[in-house]
Amino acid sequence: MGGNVFPRAVRAILLMALLGGCKSFNPISLASSTSTASSTAMVTIHPENPGRSIPPDFSGLSFEAIELAQGSFDPRNVEFVNLVRNLGHGTLRIGGVSLDKRVYWSQSNLLSHTPPDVLVTGSSLDGLFGFAKMTGWPVSLGLSLGQDDPSAAAEEAQYAITKGDKSLLALEIGNEPNLFAQNAFRSKYDYADFRIEFEAYVHAIRLRAPDAPIAGPEVCCDSGVNWFPRYINNERPVLSFATFHLYPLSGDRKLPVTSERFPTLDRLLSASLMAASMDKVDALMQSAQAQQIPLWIDETNTVNNGGAVGVSNVFASALWAINYLYNLAEHGVQGVNLHNQLNCPSQSYSPICRAGSTFTARPVYYGMLLFSQANRGKLVPLDIQTSLNIDAHAMLGEDGKLRVTLINNDPAQTVEIIVRAGGNYTKGQVMRLTAPSLGSLSSITFAGSAVNSDGTWSPGTIETVGLEADGFHILLSRGSAALVIIE
């Protein structure tokens, strides 16, 4: 996180608390960031102290519920299937604001509401679970709370459990209920109102499917942080895992430019923004750990309200995504789902976009792609010595290899990073993530290759690097990242 000393200290505390995955973990002493030459950075890795593993399905995707009625999850959409498969293991989450605003369920294709906005049917879920089986990604399925119809939700849940079988990860009730009054789904609404409705839904669902997996509360924002511990304390017995939605920057047009959440490229890649995000995560983790329940950030991305032109839709978002996913893992989060609006507006943060029947990878997707190649084994502590806006993360695989991710957030300066890996490591392979600039919309490659038109990807250019007297020397161009696999 750049050369700021405070975030390094935060990282040291985090590693002490979480990398070991238990209270008895005895961390190494991590050095604070100190200035070196303006174009160099030193990364010292400690493979002798591996910590917790990142779950293999940690990095997933979230989608608006209206996509169920638009044929997006047809398993015959080969490009879409390939784009998901490229990312390794993961989970699909179906929800978003459209869930409570526009979605109605009818197994029989008949609807009493007139006119319906979006009708989700049994065939819609058949397509979703067919897609899930094709990709190997299980589904967290949102049930509309906005419609206030426990019976319909229970019918949909029963159908999903029967048809989805092992492809169903969880059922989620509503989307961001703490904003129901703000979004005009209810005239007045507080936590007590939500609890009554949530428990009515659970009761109706469990009458039809006693073992139905439930996740929640699906809240966001500061008010959601306040709701979260009350919900976890009250509903823990029925929950498989806890959920929260997080967007570091705001797309609110009324937001003043001076706000810490106003979207700019510099702010997106700043250490202070990442630290603020992790402070919120730490508060959530404290409640989740007290109840011994996993925490899932199951809807998240760069800028809320759909994104911001020149920030959420450009290459900088790929660098942010890599660092963000690692930080969430280091803070103990169990899983993450980056949100998509498949019918992408110009400012969209979506990893994947659809134009007609064509699905394409957008900038943030490439960050997820690098992370999927790096997520092997256990997190390893490290320290960074630099005055530059550099991030680094490392993992130790069961194959004994170190996978070191290096990120140069500086828009103008190339940096030479010296990686001290320790042990008997002697050689490495380098896979670079590059684009013409942080503001690029296209011409993005990872390991020398762009994602193909059919949605597939394979590495094209992999460099080799040898051990020098003081470590492995990696020259990292401005606004770029690299995965270095050291053995």
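For the structure itself, look to the data block above.
Conventions we followed
- Residues numbered from 1 in each chain as written.
- Predicted model: local features only at pLDDT ≥ 70, side-chain atom pairs only at ≥ 80, totals over all residues.
- Heavy atoms only, no water.
- Helix = DSSP H or I, 4+ residues; strand = E, 2+ residues; numbered from the N terminus.
- Rg over C-alpha atoms; globule rule 2.2 N^0.38 Å.
- Buried < 20%, exposed > 50% of the residue type's maximum accessible area, 1.4 Å probe, protein only.
- Contact = heavy atoms within 4.5 Å.
- Axes fitted to C-alpha atoms, helices over the stretch in contact; angles between N-to-C directions.
- Left-handed = near helix turned anticlockwise from the far one by under 90°.
- Nonpolar A, V, L, I, M, F, W, Y, C, P; charged D, E, K, R; others polar.
- Disulfide = S-S within 2.5 Å.
- Pairing = 2+ DSSP bridges.
- Salt bridge = Lys/Arg side-chain N within 4 Å of Asp/Glu carboxyl O.

A. Expanded view of the overall build of the protein chain. Along its length, the protein chain carries 11 helices and 23 strands. For the protein chain, the C-alpha radius of gyration of 22 Å lies close to 23 Å, the compact-globule estimate for 487 residues. Seen through its C-alpha atoms, the protein chain measures out along the principal axes to roughly 75 × 45 × 45 Å. Looking at the 487 residues of the protein chain, the share that counts as buried comes to 59%. Of the contacts made within the protein chain by residues no fewer than 6 positions apart, 77% connect residues no fewer than 24 positions apart.

B. Region of the structure containing the packing of helix H6 (residues 191-208) against helix H7 (residues 221-235). Relative to each other, H6 and H7 sit at 35°, their axes nearing to 11 Å. Considering only the axes of H6 and H7, their crossing is right-handed. Of H7, the residues touching H6 (which contributes Tyr191, Phe194, Arg195, Phe198 and Glu199) are Trp227, Arg230, Tyr231, Asn234 and Glu235. A breakdown of the residues in the contact of H6 with H7 according to their chemical character gives 5 nonpolar, 1 polar and 4 charged.

C. Quick peek at the state of the cysteines. Inspection of the entire model under this criterion finds 2 disulfides. The side chain of Cys220 participates in a disulfide bridge whose partner is Cys221; the two sulfur atoms lie 2.4 Å from each other. Its S-S torsion of about -70° marks the bond between Cys220 and Cys221 as left-handed, since a negative value means left-handed. Overall, the relative accessible area of 3% leaves Cys220 in the buried class. Residue Cys344 pairs covalently with Cys353 via a disulfide, S to S 1.8 Å. Between Cys344 and Cys353, the S-S dihedral sits near -105°, and the bridge is therefore left-handed. Across the pair, exposure class does not vary: Cys344 and Cys353 are buried alike. Here the protein chain pairs its bonded cysteines, counted in sequence order, in the arrangement 1-2, 3-4.

D. Local environment of the sheet that holds strand E1 (residues 40-45). Here we have 4 strands laid out as an open sheet, ordered E15-E1-E18-E22, and mixed in their pairing. The open sheet is flanked by strand E15 (382-385) and strand E22 (472-476), the only strands paired with a single partner. This sheet shows a mean twist of 20° between the axes of neighbouring strands, independent of strand direction. Taken together, the 4 bridges between E1 and E15 define a ladder with antiparallel strand orientation. Following the sheet pairing, Val43 is matched in E15 by Ile384.

E. Broad picture of the pattern of salt bridges. Tallied over the entire structure, the rule returns 12 salt bridges. Here Glu299 makes a salt bridge to Arg93, at a shortest N to O gap of 2.7 Å. With Glu299 in strand E10 (residues 295-300) and Arg93 in strand E3 (residues 92-95), this pair connects stretches of sequence that are 206 residues apart. Judged on exposure class, the residue Glu299 and its partner Arg93 are both buried. In this structure, Arg186 engages Glu197 in a salt bridge whose closest nitrogen and oxygen atoms are separated by 3.0 Å. Of this pair, Arg186 sits in the loop between strand E7 (168-173) and H6 while Glu197 sits in helix H6, placing them 11 residues apart in sequence.

F. Just the environment of Ile66, in detail. Within the secondary structure, Ile66 is located in the loop between strand E2 (59-64) and helix H2 (78-86). Of the residues examined, Ile66 reaches a relative accessible area of 13% and is grouped as buried. Separated by 35 residues in the primary sequence, Ile66 and Lys101 have C-alpha atoms spaced 9.8 Å apart. Excluding its chain neighbours within four sequence positions, the residues that come into contact with Ile66 are Ser98, Arg102, Val103 and Val118.

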